[in-house]
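# Inside the fold
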Amino acid sequence: MHILITGGTGFVGEALREHWLAAGHELTILSRSAHPDTRNCRYVQTLEAVPASPSPEAVVNLAGASLAGKRWTAAYKKTLVDSRVEGTRALVAWMRGLPVPPRVLLNASAIGFYGPRDSEPLGEDAAAGSGFASELCQAWEAQALAVADIGVRVCLLRLGVVLDAGGGAFVQMAQPFRMGIASWPGGGEQYLSWVHRADAVAAFDFLLQQEAMSGPVNVTAPAPVTQRDFCAAMREHFRTLPGMPVPGAVMRLLLGEMADELLLTGQRVMPQRLQASGFLWRHPDIHSALEAMLGAHAGDRLP
Ligand SMILES: NC(=O)c1ccc[n+]([C@@H]2O[C@H](COP(=O)([O-])OP(=O)(O)OC[C@H]3O[C@@H](n4cnc5c(N)ncnc54)[C@H](OP(=O)(O)O)[C@@H]3O)[C@@H](O)[C@H]2O)c1
């Protein structure tokens, strides 16, 4: 199958690329910069350069400036919005203009859609929340859905925090533990809904093939943890001082508004639709995920 991936050079995209190339698919990756083509994988810098024959049967939309990349100044918020909402608007307009539109659009979104929540479990039917990240996800999803009326199956993958060794959020999350400091942000009872990168990749692949699935799909592990529990699980792998909180005021000072939305609050997201469809997780709980990730860093681990 010919699959177009926007943002296919990123943390999720690079793992998807390896998975799908190994499965024998033909990939086109839309990137802002030039990359050398490899067997069955070509890079383009504009949508107009995507080969028309065979035209892509599937589009995977991952492109967007990193949410945790910089402080959320007004200018950076505009970059976050434009790179997703305007990028998706352009992608949808291009799809609508193709003689043969792709059959499916797998659009990345995030659990930030649900906004800051307490501990109530949130399935895909839970209402949208409030705050910048939620509004961003809502606008992004609305743009993606605009291509459904020409018969494209649109899946909105609400990704939890994607964890894997050596990339993504885990690099920062593990840093204090590597220095012997175990901590959690703020009160510690807020939920961290996460997914191992291998399971996120498997979920994209699963949804590519599930012709009956469309709409929002929570892509998280079935066992979200509180930040305090995450700290305890990390302490099973690192030699640290006893865990302690980092006060909210300190986090706000360091990170600004992002601290409130991404760290000091959380959401307990349940992957109800994946569970109901028989999807199987390689790493359903945080202990299994950490074991898989930290096995490569035996020097940091307790004897
Ligand atoms: N990783 C997570 O924990 C997580 C959680 C929830 C949701 N998501 C969402 O899933 C998607 C993929 O995540 P990821 O971790 O793979 O992201 P990533 O590593 O930051 O990669 C995203 C890609 O988007 C492109 N990009 C960056 N800035 C851009 C800009 N200003 N305009 C247009 N394109 C830009 C880059 O590709 P080029 O440089 O090649 O153009 C980059 O490789 C993202 O949209 C992210 O918001 C991720």
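This text goes with the structure placed above it.
Let us look at the packing of helix α1 (residues 11-22) against helix α5 (residues 197-209). It is the contact of α1 with α5, at a shortest axis distance of 10 Å, that shows an interaxial angle of 60°. When the axis of α1 is compared with that of α5, the two are oblique. Along this stretch, α1 crosses α5, giving a crossing that reads as right-handed. Packed against α1, whose contacting residues are Val 12, Ala 15, Leu 16 and His 19, the element α5 presents Arg 197, Ala 200, Val 201, Phe 204 and Asp 205 at the interface. Split into classes, the residues belonging to the contact of α1 with α5 amount to six nonpolar, one polar and two charged.

Close to the ligand lie 25 residues, the nearest being Gly 7, Gly 10, Ser 31, Gly 64 and Ser 83. Of all the secondary structure elements, the ones that give two or more residues to the shell around the ligand are α1, α2 (74-96), β5 (104-110) and β8 (161-164). Broken down by class, the residue content of the shell around the ligand amounts to twelve nonpolar, twelve polar and one charged.

It is worth spelling out the environment of Glu 236 at this point. Checked against the element boundaries, Glu 236 lands in the loop between α6 (227-235) and β15 (244-246). Glu 236 sits 51 residues away from His 287 along the chain, and the two C-alpha atoms are 8.9 Å apart.

Looking now at the sheet that holds strand β12 (residues 194-196). Across the sheet, three strands lie side by side as β9-β8-β12; this open sheet has mixed pairing. Each end of this open sheet is capped by a strand with a single partner; those strands are β9 (167-168) and β12. The sheet contacts of α5 involve β8 and β12, and relative to β12 the element is tilted by about 85°.

Parameters and conventions
Residues numbered from 1 in each chain as written. Predicted model: local features only at pLDDT ≥ 70, side-chain atom pairs only at ≥ 80, totals over all residues. Axes fitted to C-alpha atoms, helices over the stretch in contact; angles between N-to-C directions. Helix = DSSP H or I, 4+ residues; strand = E, 2+ residues; numbered from the N terminus. Parallel < 35°, antiparallel > 145°, perpendicular 65-115°, else oblique. Left-handed = near helix turned anticlockwise from the far one by under 90°. Contact = placed C-beta atoms within 7 Å. Nonpolar A, V, L, I, M, F, W, Y, C, P; charged D, E, K, R; others polar. Near = placed C-beta within 6 Å. Pairing = 2+ DSSP bridges.

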